Amino acid sequence: MKVIDRYEVIDVFAIYWMNDKTYFYGLSKSYDGLLAYDSSEVKIVDPILSGEFIYLNDGVFYKPLIDENLLDDLVEGLPDAYGRFLEILKAEGLVGTDFY
């Protein structure tokens, strides 16, 4: 899935709901981790979720985020988690070797 904000196209790896609002967690080229995007402030440009996703705690998450316990560390922008996440994405062919 891809959304666009005012600056760039963002790859989405989670959708979650909080207080009757929908949010996306996505990778921005300006941050080494996942950023939250309010669905009312972005436009969906590709609605297809790529990869394996699971439903958990009011959200749909890219499965490796949960399996490898990366979600919280990526939201905090921890370099080791970001590096591991890119390894997973590259191994699954979801990003090119020079994408992020």
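Below: a short report on this structure. (Residues numbered from 1 in each chain as written. Predicted model: local features only at pLDDT ≥ 70, side-chain atom pairs only at ≥ 80, totals over all residues. Heavy atoms only, no water.)

## Quick word on the pattern of salt bridges
Two side chains of opposite charge can pair, provided their charged atoms sit close to one another.
Part 1 of the reasoning: Within this structure, the stated rule accounts for five salt bridges.
Part 2 of the reasoning: Between Asp38 and Lys21 there is a salt bridge, with the nearest N and O atoms lying 2.6 Å from each other. Here Lys21 lies in strand β3 (residues 21-27) and Asp38 lies in strand β4 (residues 34-38), a separation of 17 residues in the sequence.
Part 3 of the reasoning: Among the residues examined, Lys21 registers a relative accessible area of 35% and is labelled partly exposed.
Part 4 of the reasoning: Between Glu87 and Arg84 there is a salt bridge, with its nearest N and O atoms 3.1 Å apart. Here Arg84 and Glu87 lie together in helix α3 (residues 79-91), a separation of three residues that amounts to about one turn.
Part 5 of the reasoning: Taking the relative accessible area as the measure of exposure, Glu87 reaches 48% and is therefore partly exposed.
Part 6 of the reasoning: Residue Arg84 is classed as partly exposed on the basis of its relative accessible area, which comes to 31%. (Salt bridge = Lys/Arg side-chain N within 4 Å of Asp/Glu carboxyl O. Helix = DSSP H or I, 4+ residues; strand = E, 2+ residues; numbered from the N terminus. Buried < 20%, exposed > 50% of the residue type's maximum accessible area, 1.4 Å probe, protein only.)

## Remarks on the nonpolar core
Part 1 of the reasoning: Ranked by size, the top nonpolar core spans 22 residues in total, and within it Phe13, Leu34, Tyr62, Leu65, Leu74, Phe85 and Leu89 carry the most contacts.
Part 2 of the reasoning: If you list the elements that add at least two residues to this core, you get β2 (9-18), β3, β7 (59-62), α2 (71-75) and α3.
Part 3 of the reasoning: The element contributing the most residues to this core is α3, with six residues.
Part 4 of the reasoning: With near-sequence residues (within four places) excluded, Leu74 lies in contact with Tyr31, Gly33, Leu34, Leu65, Ala81, Tyr82 and Phe85.
Part 5 of the reasoning: Listed in part, the eight residues of the second largest apolar core include Val3, Ile10, Val12 and Ile15. (Core = buried A, V, L, I, M, F, W, Y, C linked by side-chain atoms within 4.5 Å. Contact = heavy atoms within 4.5 Å.)

## As for the packing of aromatic side chains
Part 1 of the reasoning: Using the criterion set out here, one finds six aromatic pairs in the structure.
Part 2 of the reasoning: Relative to Phe85, the ring of Tyr62 has its centre 6.0 Å away and its plane inclined at 75°; by these criteria the two rings are edge-to-face. A residue pair is termed long-range when its members are at least 10 positions apart, and Tyr62 in strand β7 and Phe85 in helix α3 qualify at 23 residues. For the pair Tyr62 and Phe85, one class covers both residues: buried.
Part 3 of the reasoning: An aromatic cluster is built from Phe13, Phe53, Tyr62 and Phe85, whose rings are joined through pairwise contacts. (Phe/Tyr/Trp six-rings, centres within 6.5 Å; stacked < 30°, edge-to-face > 60°.)

## Description of the pairing of β3
Part 1 of the reasoning: A large share of β3 lies buried, amounting to five of its seven residues.
Part 2 of the reasoning: Across seven bridges, the pairing between β2 and β3 is antiparallel. Across the sheet, Met18 pairs through a bridge with Lys21, a residue of β3.
Part 3 of the reasoning: In the sheet, β3 pairs with β4 via five bridges, with the strands oriented antiparallel. (Pairing = 2+ DSSP bridges.)

From the geometry alone we can't say anything about function, so treat these as descriptive.
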